[in-house]
Amino acid sequence: MKTPMTNRMRTSFHCILYALLMLVLLPGQYSHAQDASTVEVMFRTTEGDIRVELYAEKAPVTVANFLRYVEGGYFDGGSFYRTVNSENDTGTPVIEVIQGGMAGGEPPFPPIAHESTRDTGLRHTDGTLSMARAEAGTASSEFFIAVGDQPGLDYGSGRNDDGLGFAAFGRVIEGMEVVRTIHGKPADGSVDIPYLKGQMLTEPVTIEVVTRLQGHGETQ
């Protein structure tokens, strides 16, 4: 014998059905709510465009710092100037990245606190945007993009003696083909630091302009 459906059961059933319909009919609104804490910026380079999303909720200090460079125009006229790969890397474990930053001169802002991947929950997967640094707490204007998964850059890896890894804070969502083109460019530029020999691009790729995209993580 089937149990009859009470009024309360009918109400609950209708509520569940309505919620399921909303997920089907309005997927854009739900996905937007999930991504409300992300910010998007566009790199326009002489090799093409690279679009990235920044995780302001997970790495607030690093994202805020990066955005003041973007909004102040400090990356405009800068470049991607370094490529690291399995053939020219002398560090351990071996990594694959491209590095970029300002056109030169001293950074206009002080270094920022280190937000490790242990604290943010982010990982250096393919296309991850992260901050270059020497000691922890020295990151300022220079950044890199991972080419392929790079767990050696996460917290706990031996890439740095301190084991703190690097501060991931974003990811490429369009333009990885541009990143890979830059990564494969000849690298025999002059450099005074032996560790960097064979990693400096012969012809750096100019960053023409970096802009924050309207409607992506902005307060209206």
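Trainee: Honestly, the side chain of Asn 85 in this entry has me stumped. Any pointers?
Mentor: Residue position: Asn 85 is located in the loop between strand E3 (78-84) and strand E4 (97-101). For Asn 85, a relative accessible area of 17% translates into the label buried. A distance of 2.8 Å separates a polar atom in the side chain of Asn 85 from the backbone nitrogen of Glu 87. Excluding residues within four positions of it along the chain, Asn 85 makes contact with Val 94, Ile 95, Glu 96 and His 183.

Trainee: In this structure, what is going on with the sheet that holds strand E7 (residues 167-174)? I would like to understand it.
Mentor: Strand order in the closed barrel formed by eight strands is E1-E2-E7-E5-E6-E4-E3-E8, with antiparallel pairing between adjacent strands. Each strand of the sheet is rotated relative to its neighbour by a mean of 35°, with strand direction disregarded. As paired strands, strand E5 (residues 128-131) and strand E6 (residues 143-146) are joined by three bridges and run antiparallel to one another. Note that in E6 the partner of Leu 129 across the bridge is Ile 145. Docked against the sheet, helix H3 (residues 60-71) engages strand E1 (38-45), strand E2 (48-55), E5, E6, E7 and strand E8 (200-212), running at close to 90° with respect to E8.

Trainee: Can you help me understand the side chain of Thr 45 in this one?
Mentor: Looking at the secondary structure, you find Thr 45 in strand E1. Taking relative accessible area as the criterion, Thr 45 reaches 6% and is therefore assigned buried. Among the polar contacts listed, one links the side chain of Thr 45 to the backbone nitrogen of Glu 47, at a separation of 3.0 Å. Only 2.7 Å separates the side chain of Thr 45 from the backbone oxygen of Gly 48, close enough to count as a polar contact. In this structure, Thr 45 is in contact with Ile 50, Phe 80, Val 178, Val 205, Thr 206, Ile 207 and Glu 208, ignoring residues within four places of it in sequence.

Trainee: How should I be thinking about the pairing of E6 in this particular structure?
Mentor: Each regular strand carries side chains that alternate between the two faces of the sheet. Every second residue of E6 is oriented toward a common face, with Phe 143 and Ile 145 on one face and Phe 144 and Ala 146 on the other, all of them buried. Summarising the sheet, E4 and E6 pair through four bridges and their orientation is antiparallel. Each bridged residue has a counterpart across the sheet, and for Ile 98 the counterpart in E6 is Ile 145.

Trainee: Where do I start with the environment of Ser 190 in this structure?
Mentor: Tracing the sequence through the fold places Ser 190 in the loop between helix H5 (176-183) and E8. You can call Ser 190 exposed: its relative accessible area is 76%. Between the C-alpha atoms of Ser 190 and Leu 201, which are eleven residues apart in sequence, the distance is 8.9 Å.

Trainee: Sorry, what's going on with unusual backbone geometry here?
Mentor: Across residues other than glycine, the phi torsion is negative in most instances, and most of the peptide bonds are trans. In this model, Thr 92 is joined to Pro 93 through a cis peptide bond whose omega is -10°. Following the sequence through the fold, Pro 93 ends up in the loop between E3 and E4.

Trainee: Mind showing me how you'd approach the environment of Leu 122 here?
Mentor: Following the sequence through the fold, Leu 122 ends up in the loop between helix H4 (117-120) and E5. Those residues within four positions of Leu 122 in sequence are excluded, and the remaining contacts are Tyr 55, Lys 58, Thr 117, Ala 168 and Phe 169.

Trainee: What should I look at first to understand the pairing of E2 in this one?
Mentor: Along E2, six of the eight residues are buried, which leaves the element largely enclosed by surrounding structure. Bridge count between E1 and E2: eight bridges; the pairing is antiparallel. Bridge pairing links Val 41 to Val 52 in E2. Turn length for the E1-E2 hairpin, with the two strands adjacent in sequence and antiparallel, is two residues.

Here is what the cut-offs are and how they apply
Residues numbered from 1 in each chain as written. Predicted model: local features only at pLDDT ≥ 70, side-chain atom pairs only at ≥ 80, totals over all residues. Heavy atoms only, no water. Helix = DSSP H or I, 4+ residues; strand = E, 2+ residues; numbered from the N terminus. Buried < 20%, exposed > 50% of the residue type's maximum accessible area, 1.4 Å probe, protein only. Polar contact = N/O pair within 3.5 Å; in protein donor to acceptor, adjacent residues only side chain to side chain. Contact = heavy atoms within 4.5 Å. Pairing = 2+ DSSP bridges. Axes fitted to C-alpha atoms, helices over the stretch in contact; angles between N-to-C directions.

What is shown is where atoms sit, not what they do.
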